Amino acid sequence: MNQKLVVRTEPVDELAPLIPRADPRHPLLWMRRGEGIVGHGETLRIETSGPTRIEDAAAAWRSLAAMASVDDRVGLPGTGLVAFGAIAFADESAATSVLVVPSLVLGRREGRAWVTRIALAETADGAGGTGGAAGESDVAGHAFPPLEIPEPSPKRRVPRVAFEPGAVPPPAYEANVAEAVRRIDGGELEKVVLARQLMGELHEEDGLRAVINRLAEDYPDTWVFAVDGLIGASPETLVRVDHGTVSARVLAGTTSRGAGEASDRERALALAASHKDLAEHALAVASAVQRLEPHTARLDASPEPFTLQLPNLWHLATDLKGTLGDGSSSLDLVSAVHPTAAVAGTPRLAALAVLAELEGFDRGRYAGPVGWIDGDGDGEWAIALRCAQVEPDGAVAAYAGCGIVHDSVPADELAETLMKFRPIVEAFGG
Ligand SMILES: C=C(O[C@H]1C=CC=C(C(=O)O)[C@@H]1O)C(=O)O
């Protein structure tokens, strides 16, 4: 007996707001501006690790999807077969990379709402399904349990997690930045992104839904995610594939918000004119373009970086848009672009070596790809920034890092990590 996935998506009346319907203990969620998908249960998971973790996940997903029988009566991004994914940053990380296929997905997009059910079914002949019309009849023959849509739960206060410096406390971070600048000046590399960690403990087992809710309320324009304990609100789209179109948003270069309107505008203007930030940004754009180009028939970048306003800071941003040239899935493109110079540096290998040496801790899934993929390979992936990994024992590790170039100043970079920690620390009640 072989097994294959049977999938049915059907329209339902409004599901808004989505977050109160998420699982409070094991939330699975991908959302921006109130739209997105929430997963419940786990029909199966794919776990990978090591240098080929993304390619292995992409290949496993391709064969699973090819065998699935899908009856999708809505046909929007995020309907039909989907998996939520979180990928470790480094080849040598001890953290696993996962694709989680839920048993129930609740989704909202473009004013429409849907429910997807995903189950494993035995195939008597061992041959599996082939999708299409035959696949649909397989779904029709499958007895899904009666549909139970989780009711929204009342809003709760966020849990209180007290964060302490973890790996690379502030003085060590400043020393790392100074050392990175020395190496850059010595010609070893052009840019390296150095991170540090905060640690805390979550004592409320079912407190994560409130954390996610706070992130979504405070940072509605970011990708709010929860996948296998990785929780965050990232402004950076690593890559998005939708019916042959490809897009990405590259971020690098940061400044604080001003206190009043005039000073805020001045800060944004200064960022847009800062040689240091423009240089840091250009390297991040170049790395993404160079890696995406071989897979696209066309790829356009916004001509000048623009300033992206977030509640906690300003970023320099460049949007990339293009068309797919080679039938890559979104995970294939994730594999091509990760890690960009926004989270590693330039040249890539030299930067990875320097960051591993200076940081000296395992980033886990921080700065790795996080998102979802569907049965056709389309999907949306962000870089896991402004995030924390919550372990089953309640340990919470939050991360933030900065791009270091030749004129970086250690105290300024340390201050920048504080700005970047703000969303996740506040969401945990800090
Ligand atoms: C590495 C992080 O941010 C990256 C993304 C945007 C801006 C960045 C910067 O200005 O340094 C970083 O490259 C982080 O938030 O931990």
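This is a predicted model, so every value here is computed, not measured. (Residues numbered from 1 in each chain as written. Predicted model: local features only at pLDDT ≥ 70, side-chain atom pairs only at ≥ 80, totals over all residues.)

A. Structural context of the pairing of strand β7 (residues 97-101). Judged by how many residues are buried, β7 sits mostly within the fold: five of five residues are covered. The two faces of β7 match: Ser97, Leu99 and Val101 on one face and Val98 and Val100 on the other face are all buried. Sheet topology note: the strand β4 (residues 44-48)/β7 ladder contains five bridges and is antiparallel. Its bridge partner being in β7, Arg45 is matched across the sheet by Val100. Note: strand β6 (residues 82-86) against β7, three bridges, orientation antiparallel. Residue pairing in the sheet places Gly85 in a bridge with Leu99 of β7. (Buried ≥ 20, exposed ≤ 12 C-beta atoms within 10 Å, placed from the backbone. Helix = DSSP H or I, 4+ residues; strand = E, 2+ residues; numbered from the N terminus. Pairing = 2+ DSSP bridges.)

B. Representation of the site of the ligand within the structure. The immediate surroundings of the ligand are formed by 17 residues, with Leu251, Thr254, Leu385, Gly401 and Gly403 found nearest. Elements supplying a minimum of two residues to the shell around the ligand: β11 (191-201), β15 (245-256) and β23 (395-404). In the shell around the ligand, the residues fall into nine nonpolar, five polar and three charged. (Near = placed C-beta within 6 Å. Nonpolar A, V, L, I, M, F, W, Y, C, P; charged D, E, K, R; others polar.)

C. Spatial organisation of the domain arrangement of the protein. The domains assigned to the protein are domain 1 (2-135) and domain 2 (164-427). Counting from both sides, the interface comprises 39 residues of domain 1 and, opposite them, 42 residues of domain 2. When residues of the side of domain 1 that touches domain 2 are traced back to their parent elements, those giving at least two are β2 (28-32), α1 (53-67), β6 and β7. Looking at the side of domain 1 that touches domain 2, the element that brings in the most residues is α1, giving seven residues. Its residues placed into classes, the side of domain 1 that touches domain 2 shows 30 nonpolar, four polar and five charged. (Domains from an automatic or database assignment. Contact = placed C-beta atoms within 7 Å.)

D. Fine view of the packing of helix α6 (residues 275-292) against helix α7 (residues 330-337). It is at 8 Å that the axes of α6 and α7 come closest, and there the two elements cross at 130°. Our classification of the angle between α6 and α7 gives oblique. Where α6 crosses over α7, the two elements pack in a sense that is right-handed. The residues of α7 that touch α6, namely those facing Ala288, Arg291 and Leu292, are Leu333, Ala336 and Val337. Tallied by class, the residues present in the contact of α6 with α7 amount to five nonpolar, no polar and one charged. (Axes fitted to C-alpha atoms, helices over the stretch in contact; angles between N-to-C directions. Parallel < 35°, antiparallel > 145°, perpendicular 65-115°, else oblique. Left-handed = near helix turned anticlockwise from the far one by under 90°.)

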